[in-house]
Amino acid sequence: DYEPWDDDFRFFEEDEAWSEFIPGSSIQVVTNGSNSKTYASSSSSSLTPSIQSSLSSSTSLRSSERNAESSPHASNGDNATRQNLKPKILILDEDDVGEEQSPALISANPCQKPLPTETVLPGMGNVPIRTDAVIVMIRHGKTEHNKLGLFTGWEDAPLAPEGVKEAKEAGQLLKAHGFEFDLVYTSWLTRAIETAWLVIDELDCLWLPIIKTWRLNERMYGDLTGLSKRMVRQRHGDTQFKAWRRGYRVRPPPVSSFSTNYPGNDQRYLKFMKDVRYSLGETIIRSIERRRIHLHRKFPKSESLKDCMERTIPYFSHQIVPEAINMGKRVLIASSENAIRGLLMHLCEIPEEKIVELEIPNGLPLIFDVKSKCVKLLDDGTGRDPLEVYNFGNAASYLFRPCMNEDGSPDEECDIRFMSDDFEQSESDRETVDLLKNKMLRFRKGEEIRL
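Residues numbered from 1 in each chain as written. Predicted model: local features only at pLDDT ≥ 70, side-chain atom pairs only at ≥ 80, totals over all residues. Heavy atoms only, no water.

Another aspect to go through is the overall build of the chain. When you go through the chain residue by residue, the secondary structure sums to 15 helices and nine strands. Classification of the 451 residues of the chain by burial places 50% in the buried group. (Helix = DSSP H or I, 4+ residues; strand = E, 2+ residues; numbered from the N terminus. Buried < 20%, exposed > 50% of the residue type's maximum accessible area, 1.4 Å probe, protein only.)

Attention now moves to the sheet that holds strand β3 (residues 111-113). Spatially, β3-β9-β8-β4-β7-β5-β6 is the arrangement adopted by the seven strands of the open sheet, whose pairing is mixed. Of all strands in the sheet, those bounded by a partner on one side alone are β3 and β6 (210-212). Neighbour to neighbour, the strand axes of the sheet diverge by 30° on average, direction disregarded. Direction of pairing for strand β4 (residues 134-139) relative to strand β7 (residues 330-335): parallel, over a ladder of six bridges. Opposite Met 137, over in β7, you have Ile 333 as the bridge partner. Helix α6 (residues 190-202) rests against β4, β5 (183-186), β6 and β7 of the sheet, and its axis sits at about 140° to β7. This element, helix α11 (residues 337-348), spans β4, β7, β8 (366-369) and β9 (374-378) of the sheet and lies at about 145° to β4. (Pairing = 2+ DSSP bridges. Axes fitted to C-alpha atoms, helices over the stretch in contact; angles between N-to-C directions. Contact = heavy atoms within 4.5 Å.)

Here we take up the side chain of Glu 166. Tracing the chain through its elements places Glu 166 in helix α5 (residues 161-176). Beyond its immediate stretch of four places on either side in the chain, Glu 166 contacts Gly 141, Lys 142, Asn 362 and Gly 363.

Okay, the packing of aromatic side chains next. For any two aromatic rings, the description comes down to two numbers: the centre-to-centre distance and the angle of the planes. Taken as a whole and assessed by the stated rule, the structure comprises 10 aromatic pairs. Ring geometry for Tyr 262 against Phe 299: centres 6.3 Å apart, planes inclined by 80°, an arrangement best described as edge-to-face. A residue pair is termed long-range when its members are at least 10 positions apart, and Tyr 262 in the loop between α7 (229-246) and α8 (267-272) and Phe 299 in the loop between α9 (280-290) and α10 (305-323) qualify at 37 residues. Phe 299 carries the same exposure label as Tyr 262, and that label is buried. Linked through ring pairs, Trp 154, Trp 188, Trp 214 and Tyr 269 together constitute an aromatic cluster. Of note, Arg 297 hangs over the ring of Tyr 278, and the distance from its end group to the ring centre comes to 4.3 Å. (Phe/Tyr/Trp six-rings, centres within 6.5 Å; stacked < 30°, edge-to-face > 60°. Lys NZ or Arg CZ within 6 Å of the ring centre and 35° of its normal.)

In terms of nonpolar packing, the biggest core is built from 40 residues, with Met 137, Tyr 185, Ile 333, Leu 344 and Phe 392 touching the most fellow members. For this core, the element with the most residues is α10, which contributes seven residues. When neighbours within four sequence positions are excluded, Ile 333 is seen to be in contact with Ile 135, Val 136, Met 137, Ile 138, Tyr 185, Leu 216, Phe 316, Ile 320 and Leu 343. Judged by nonpolar contacts, the second largest core, of 19 residues, contains Phe 179, Ile 200, Leu 208 and Leu 332. (Core = buried A, V, L, I, M, F, W, Y, C linked by side-chain atoms within 4.5 Å.)

So, about the pairing of β9. Burial analysis of β9 places five of its five residues in the buried class, which makes it a mostly covered element. Alternating residues of β9 divide into Cys 374, Lys 376 and Leu 378 and Val 375 and Leu 377, and every residue in both groups is buried. The pairing of β3 with β9 spans three bridges and is parallel. Paired with Gln 112 across the bridge in β9 is Leu 377. In terms of strand pairing, β8 meets β9 through three bridges, oriented antiparallel. Directly across from Asp 369, in β9, lies its bridge partner Cys 374. Between β8 and β9, which pair antiparallel one after the other, the connecting turn spans four residues, and Lys 373 there sits at a positive phi close to 55°.

On to the pattern of salt bridges. Scanning all chains against the criterion turns up 21 salt bridges. Residue Glu 337 pairs with Arg 341 through a salt bridge whose shortest N-O separation is 2.4 Å. With Glu 337 and Arg 341 both in helix α11 and four residues apart, the pair spans about one turn of that helix. Take Glu 337: its relative accessible area is 0%, and that puts it in the buried class. Given the relative accessible area of 0%, Arg 341 is considered buried. When salt bridges with common partners are traced through the structure, they connect Arg 139, Arg 246, Glu 337, Arg 341 and Glu 359 into a single cluster. (Salt bridge = Lys/Arg side-chain N within 4 Å of Asp/Glu carboxyl O.)

Between the first and last C-alpha of α10 there are 26 Å, a value that for 19 residues agrees with the 27 Å anticipated at 1.5 Å per step. Phe 316 marks where α10 bends most, by close to 35°. Here α10 lies mainly inside the structure; 14 of its 19 residues are buried. (Expected span 1.5 Å × (residues − 1). Bend = angle between axes of the 7 residues up to and from the residue.)

So, on to the environment of Val 331. Along the chain, Val 331 turns up in strand β7. Taking the relative accessible area as the measure of exposure, Val 331 reaches 0% and is therefore buried. Considered as a pair, Val 331 and Leu 183 are 148 residues apart in the sequence and their alpha carbons are 5.2 Å apart. With near-sequence residues (within four places) excluded, Val 331 lies in contact with Val 134, Ile 135, Val 136, Phe 181, Leu 183, Tyr 185, Ile 320, Ala 324 and Ile 325.

All right, on to the pairing of β7 then. Here β7 lies mainly inside the structure; six of its six residues are buried. Of the two faces of β7, the one holding Arg 330, Leu 332 and Ala 334 and the one holding Val 331, Ile 333 and Ser 335 are both buried throughout.

Taken by themselves, the reported measurements are silent on function.
Structure (structure tokens):
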């Protein structure tokens, strides 16, 4: 029987740029006869105090809520409710075709970092480059297996044309926001490696060091690898299908030692996967087959989500954090859905029972701010609410908690348009934000605008 990975870890030793568009700025775009555009801006602070007062009001509200929680007069029922809402850990699979989602469970909107002014208005200067430590995680672009609804796991499926486009657009978005990286981490799977290449190619930094590790591989789906999810559901029933696919501790049927899907028959793992212990049973089988002693390592034949996390999180904690994050480096992690789920479960403290409800969209950069300890998204310039565009599953509220500074004030990088519903905003501020949003959309369509 395939055992957990516990014994295998001895190896580890156990922008203020948006200010041009806040109320008080005045920007005029004029289209000349030569199709060239000129820009003029002037600053005024006449409308700024209302937004500042909104921020102060929100900060006071949050502070009073925290005091109420710590008050000895708070009821046990209230405390229990808050504990139930406290984020913890999660993880998911590859495609969620036809599965129902419940928007009512989403209680917090994501922090979305607005586009820098220099990106929106050409000629306003260079885009400021981010220099502080940051972790950017991106799930590989779509593969043909994703499109067909197949269990992929460790099968080395390349990117589909749509996946290539998603990865390139992710690189362009990161470049527009001034992101640069010092290190890239990825798995041994082609789709993740290709995604990393395409992203850093758009950033014009293909020379960056890329560290590949099998510990960032997708979850191993065992004997389900390459099978249609719909077929498995029809053959084994909905309950068993969900247990194999979504169960945190349930492993799918193990793959045969003689299957082409078994990592022990893949030269890349035989040659380079040296950080796992030897398997007595597989060593005996291989030795009998070859008529000589042949040591064979304990490669995974099937993994639950928990098994996948037990190799991903230690690598992050004992390799990536001390060697990169603690050194102030900017890190890009290109990997698969379940590996990223494990990292987010660890970083965002998502509960075990909720991690299986978290979805990770293909090709979308997820920014983990090391200082505020929260996940941010990047404004793509469309003005759309990201929760209406991307499916993050029922556990989105655990992933997108309010981004707060150490002093309890809202993170100024978060776009006011997408702050959570409990953020106090005056009617005049709301009208101003909506006006700016409409003007920005018209500007991108090439229309003449006056702000």
